Amino acid sequence: MIARRHRCCDGVSTCPGRTAAGARVAIGDPRAPTLWRRCLDVAGWIVPSGILALLPKCPACLVAYFAIGTGIGISMSTAIYLRMALVVLCAASLSYFAASRGRRFIARLARSH
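Thresholds, definitions, all that
Residues numbered from 1 in each chain as written. Predicted model: local features only at pLDDT ≥ 70, side-chain atom pairs only at ≥ 80, totals over all residues. Heavy atoms only, no water. Helix = DSSP H or I, 4+ residues; strand = E, 2+ residues; numbered from the N terminus. Buried < 20%, exposed > 50% of the residue type's maximum accessible area, 1.4 Å probe, protein only. Contact = heavy atoms within 4.5 Å. Core = buried A, V, L, I, M, F, W, Y, C linked by side-chain atoms within 4.5 Å. Disulfide = S-S within 2.5 Å.

**A short note on the overall build of the protein chain**
Step number 1: Secondary structure assignment for the protein chain yields three helices and zero strands.
Step number 2: Seen in sequence order, the protein chain has helices and strands lined up from the N terminus as α-α-α.
Step number 3: For the protein chain, the residues scored as buried account for 11% of the 113 residues in total.
Step number 4: Taking all contacts inside the protein chain whose residues are at least 6 apart in sequence as the whole, residues at least 24 apart take part in 48%.

**Notes on the nonpolar core**
Step number 1: One finds L55, L62, V63, I74 and A79 forming the largest nonpolar core, which totals five residues.
Step number 2: Sequence-distant contacts of L55, that is, excluding residues within four places in its chain, are made with L62, R83, L86 and V87.

**Comments concerning the state of the cysteines**
Step number 1: Going through the model one piece at a time under the given rule, you end up with zero disulfides.
Step number 2: Unpaired in terms of disulfides, C61 finds its nearest cysteine sulfur in C58, a separation of 4.0 Å.
Step number 3: For C61, a relative accessible area of 33% puts it in the partly exposed group.

Okay, structure coming up:
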């Protein structure tokens, strides 16, 4: 009886002693980024940078901005924690974007040499 092979089993060898061809994986990103992907990359830098630039240093100002923007009043201690959380999240996302961009740059340098 002949076993039927499925497409998902193409790279797998059922015979002992035979080596199967492995999957070919491209290193890096061989495709050029689309316009949508480039816009997302730029937004990934602009949004956290803009939040950090516009974030008030004074918690009372943050309370006022929050009340004007949403119509909800928050306490001073909540404003302090909210401001700290925003600073940490923005700094973490900017660090992530910088690290991924640096990793791609180093990989590109390694490929060129």
